[in-house]
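Here's the letter readout for the chains.
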Amino acid sequence: MKSKIALIAALSVLGGCSSTALSRTDGGGLAAPSGDAGRAAILRNMAGGLIGGSIGTGLSERERRAALEAEYRALEYTPSGQAVAWSGDAGRSGEVVAAQPYRVGSQDCRQYTHKVTIGGQTGQARGTACRNADGSWTPLT
């Protein structure tokens, strides 16, 4: 019992000395680096995500960014099955739903679905992404 308490105390002290730019979140994952530069790097690593494919045709650059940010929030922070919505101009909108995370080697991965509505027509794309050590997600599809 004493050794467990000593180990927990030592880890607490070491955890406070970390120099990493990432921080813990309530969900036990790592948060993205703070600031616009960190967020931009995270989104760049997603290589366009699902919205970068044909499902994103017809969206403005601002809408694509909002959709990609929704993909990241769904993958990183949202419990499985809960939708992360985004909205754009002229009724364009979408939602991203991520499935339960699973482990492949040392990486956490999640399947996810992105629905996009443009002009009253809804399209859907499905994919899988795995989380990198820096907090970014890399799509496998």
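Here, residues in each chain are numbered from 1, in the same order as that chain's written sequence. Where local features are concerned, this predicted model is filtered to residues with pLDDT of at least 70; where side-chain atom pairs are given and counted, the filter is 80 or more; whole-chain, interface and lining totals use all residues. Hydrogens are left out, water is left out, and the side-chain values use all remaining heavy atoms of the structure.

K.L.:
Residue-level account of the environment of Ile 118, with values.
P.N.:
The topology assignment puts Ile 118 in strand 4 (residues 107-118). A sequence separation of 26 residues divides Ile 118 from Arg 92, and the C-alpha atoms of the two residues are 4.8 Å apart. Setting aside chain neighbours within four positions, we find Ile 118 in contact with Ile 55, Thr 57, Leu 59 and Arg 92. In DSSP terms, a helix is any run of H or I states spanning at least four residues, a strand is any run of E spanning at least two, and both are numbered starting from the N terminus. Should any heavy atoms of two residues lie within 4.5 Å, those residues are counted as being in contact.

K.L.:
Any details on unusual backbone geometry? Residues and values, ideally.
P.N.:
In the Ramachandran plot, Ala 90 falls in the positive-phi region, its phi being about 50 degrees despite a non-glycine side chain. As for its placement among the helices and strands, Ala 90 is situated in the loop between strand 1 (83-87) and strand 2 (93-98). Each residue gets one of three labels from its accessible area relative to the maximum for its type: buried under 20%, exposed over 50%, partly exposed in between, using a 1.4 Å probe on protein chains only. A residue is classified by how much of its surface remains accessible, and Ala 90, at 72% relative accessible area, is exposed.

K.L.:
Can you explain the state of the cysteines? Please cite residues and give values.
P.N.:
Throughout, disulfides are identified as pairs of cysteine sulfur atoms within 2.5 Å of each other. Summed over the entire model, instances satisfying the criterion amount to one disulfide. Across a sulfur-sulfur distance of 1.9 Å, Cys 109 and Cys 130 are joined as a disulfide pair. The chirality of the disulfide connecting Cys 109 with Cys 130 is right-handed, given an S-S dihedral of about 100 degrees. Placement of the pair is Cys 109 in strand 4 and Cys 130 in strand 5 (residues 121-131), with a sequence separation of 21 residues. Given a relative accessible area of 5%, Cys 130 falls into the buried group.

K.L.:
Can you lay out the pattern of salt bridges for me, pointing to particular residues and giving the numbers?
P.N.:
Salt bridge, as applied in this entry: a Lys or Arg side-chain nitrogen positioned within 4 Å of an Asp or Glu carboxyl oxygen. On inspection of all chains with the given rule, the structure shows five salt bridges. In this structure, Asp 89 and Arg 62 form a salt bridge, with 3.0 Å as the shortest nitrogen-oxygen distance. In this pair, Asp 89 sits in the loop between strand 1 and strand 2 while Arg 62 sits in helix 3 (residues 61-76), placing the two residues 27 residues apart along the sequence. One salt bridge connects Arg 131 with Glu 76, and the closest N-O pair in it is separated by 2.8 Å.

K.L.:
Provide a residue-level description of the nonpolar core, including the pertinent values.
P.N.:
Counting residues in hydrophobic clusters, the biggest one holds 23 residues, and the most contacted among them are Met 46, Ile 51, Leu 75, Trp 86 and Tyr 112. Of all elements in the fold, only helix 2 (35-45), helix 3, strand 1, strand 2, strand 4 and strand 5 reach the threshold of two or more residues within this core. Examining the composition of this core, we find that seven residues originate from one element, helix 3, more than from any other. With near-sequence residues (within four places) excluded, Met 46 lies in contact with Leu 68, Glu 71, Tyr 72, Leu 75, Trp 137 and Pro 139. For this analysis, a nonpolar core means a set of buried residues of the types Ala, Val, Leu, Ile, Met, Phe, Trp, Tyr and Cys, connected via side-chain atoms within 4.5 Å.

K.L.:
If you had to explain the packing of aromatic side chains to someone new, which residues and values would you point to?
P.N.:
The aromatic pairing rule takes the rings of Phe, Tyr and Trp, using the six-membered ring of Trp, and pairs them if the centres are within 6.5 Å, calling planes under 30 degrees apart stacked, those over 60 edge-to-face and the rest tilted. The full count for this structure, using the stated rule, is one aromatic pair. Measuring from ring centre to ring centre gives 5.9 Å for Tyr 72 and Tyr 77, while their planes differ by 85 degrees; the resulting arrangement is edge-to-face. With relative accessibility at 7%, the residue Tyr 72 sits in the buried group. On the accessibility criterion, Tyr 77 (40% relative accessible area) is partly exposed.

K.L.:
Pulling in residues and values, what's your account of the environment of Ala 74?
P.N.:
Following the sequence through the fold, Ala 74 ends up in helix 3. Residue classification places Ala 74 among the buried positions, given a relative accessible area of 0%. Sequence-wise, Ala 74 and Arg 110 are 36 residues apart; in three dimensions their C-alpha atoms are separated by 9.7 Å. Leaving out residues up to four positions away in the same chain, Ala 74 has contacts with Val 84, Val 96, Ala 98 and Arg 110.

K.L.:
Describe the pairing of strand 1, listing the residues and the values that go with them.
P.N.:
Two faces make up the sheet, and in a regular strand the side chains alternate between them. Across the two faces of strand 1 the burial differs, with Val 84 and Trp 86 buried and Ala 83, Ala 85 and Ser 87 not buried at all. What sits between the antiparallel neighbours strand 1 and strand 2 is a turn of five residues, in which Ala 90 has the positive phi angle 50 degrees. If DSSP finds at least two bridges between two strands, the strands pair.

Just distances and angles here, no functional claims.
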